[in-house]
Amino acid sequence: QKSRTNDLKSFLISPVQRLPRYRLLMRDLLSAAKKVPDHPNIDMITRALESMESINDLINKHKQTHENLSKLLTLERELKLNGFVIPGRTFIKEGTLEVLPNNLKSTYYILSDIMLVKTPQKLIRIPLNDPVLGVSSKPEEYIITIQKAREQHVFKFQNRVRWKDAFDLIQKQREKFLSKDATKETTVFEGYLRKRGGKNKAFKKRWHVLTTKRM
């Protein structure tokens, strides 16, 4: 039931909202204490502030993880993608574009390792971890062209800002997999898939299924 001004949801969120306020309080206390020569509680206030910042960072991290998982589950359900939620995969951006040459208004989703484009007729899957994937652009026309094996997809964006955001994200995620920095991220997938696939031969087959079909 509602109280005079608040409903149940506002009460449930209150503990989470208090933590940033406590951090601000600790900062104000520390600032005031430093103005007093040889204040005896500076070390104690500093430790308290560090603890509050650590707790806030941890909560924000878990919140982001939960929001990411929720978004992935929503996409898996709406796009009917079995096995779409896998370790290491994160949602990054969602937007609209047109698929040429028929100017089909579509929705695109950029994730850490794949780009999905939902057209009125079908779902286009573009694995960003594919080393032979070809990506080119025409900035003056707000167009991105992606060559995947024997398929070519041409996407047109509404304006330069949206085109640049999408193009930069695609290139950034591809560079992660093509650079040495991708080693740690790939290891997460390898450990998970080896455990489920068994021997190394089965693992390679499982990886192929994930990168070409199930994504």
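Before reading further, recall that the structure is shown in the block above.
Summary of the structure given here. (Residues numbered from 1 in each chain as written. Predicted model: local features only at pLDDT ≥ 70, side-chain atom pairs only at ≥ 80, totals over all residues. Heavy atoms only, no water.)

### Quick notes on the layout of surface pockets
Where empty space is left in the structure can be found by rolling a water-sized probe over the atoms. So the rule is basically this: Whether a set of points on the 1 Å grid over the protein atoms alone is a cavity depends on a 1.4 Å probe fitting there but being unable to get out, while an open set qualifies as a pocket with protein on both sides within 12 Å along at least five of seven lines; lining residues are those with an atom within 4 Å of a point. Grid points are joined across faces, edges and corners, and a volume is the space filled by probe spheres set on the points. Secondary structure elements are taken from DSSP: a helix is a run of H or I of four residues or more, a strand is a run of E of two residues or more, and numbering for both begins at the N terminus. Under the grouping applied here, Gly and all other residues not named as nonpolar or charged are polar, the nonpolar ones being Ala, Val, Leu, Ile, Met, Phe, Trp, Tyr, Cys and Pro and the charged ones Asp, Glu, Lys and Arg.
Each pocket or cavity is described by its volume, and for the second largest pocket that value is around 150 Å³. As for the second largest pocket, its lining consists of Val99, Leu100, Pro101, Asn102, Leu104, Thr119, Gln121, Lys122, Ile124, Gln152, His153 and Val154. Counting only elements with at least two residues in the lining of the second largest pocket, the list comes to strand S1 (91-100) and strand S7 (151-156). Considering every element that reaches the lining of the second largest pocket, the biggest residue donor is S7, with three residues. Across the lining of the second largest pocket, the residue classes tally to six nonpolar, five polar and one charged.

### Things to note about the pattern of salt bridges
Here is the rule: Counted as salt bridges are all cases of a side-chain nitrogen of Lys or Arg within 4 Å of a carboxyl oxygen of Asp or Glu. For each residue, the accessible area found with a 1.4 Å probe, counting protein chains only, is set against the maximum for its type, and the residue is called buried under 20%, exposed over 50%, and partly exposed in between.
The final tally for this structure, using the stated rule, is five salt bridges. A salt bridge links Lys71 to Glu94; the nearest nitrogen and oxygen atoms lie 2.9 Å apart. Within this pair, whereas Lys71 is found in helix H2 (residues 42-78), its partner Glu94 is found in strand S1, the two being separated by 23 residues in sequence. Among the residues examined, Glu94 registers a relative accessible area of 39% and is labelled partly exposed. The shortest N-O distance in the salt bridge between Lys164 and Asp168 comes to 2.7 Å. With a gap of four residues between them, Lys164 and Asp168 both fall in helix H3 (residues 160-178), about one helical turn apart. For Asp168, a relative accessible area of 35% gives the class partly exposed.

### Remarks on the pairing of S7
Rules: At least two DSSP bridges between two strands are required for those strands to pair.
Where S1 meets S7, three bridges bridge the pair, whose relative direction is antiparallel. Note that in S7 the partner of Leu100 across the bridge is Val154. Between the antiparallel neighbours strand S6 (residues 143-148) and S7 lie two residues, among them Ala149 with a positive phi of about 55 degrees.

### Some words on the side chain of His153
For clarity, the threshold we go by: Any N or O atom pair separated by 3.5 Å or less is treated as a polar contact, with the protein-specific requirement of one donor-capable and one acceptor-capable atom, and with residues adjacent in sequence counted only for side-chain atom pairs.
Structurally, His153 can be placed in strand S7. At 3.2 Å, the side chain of His153 forms a polar contact with the side chain of Glu151.

### Quick word on the sheet that holds S7
As a reminder of what qualifies: To get an axis, fit a line to the C-alpha atoms, keeping to the stretch in contact for a helix; angles then go from 0 to 180 degrees between the N-to-C directions. Only heavy atoms matter for contacts: two residues are in contact if any of them lie within 4.5 Å across the pair.
Overall, antiparallel pairing links the seven strands, which are arranged S4-S3-S2-S1-S7-S6-S5 in an open sheet. Looking at the sheet topology across the chains shown, the edges are occupied by strand S4 (123-127) and strand S5 (134-138). Adjacent strand axes in the sheet meet at a mean angle of 30 degrees, parallel and antiparallel pairs treated alike. On the sheet, H2 packs against S1 and strand S2 (104-111) and is oriented at approximately 35 degrees with respect to S1. Packing against the sheet, H3 makes contact with S1, S2, strand S3 (114-118), S5 and S6, and its axis sits at approximately 160 degrees to S5.

### Considerations on H2
Note the following rule: Every helix has an expected span of 1.5 Å times one less than the residues it contains.
Here H2 spans 54 Å end to end across 37 residues, near enough to the 54 Å set by a 1.5 Å rise per residue. On its buried face, H2 is in contact with helix H1 (8-34), S1 and S2. Positioned one or two residues after H2, Lys80 has a phi angle of 55 degrees, which is positive.

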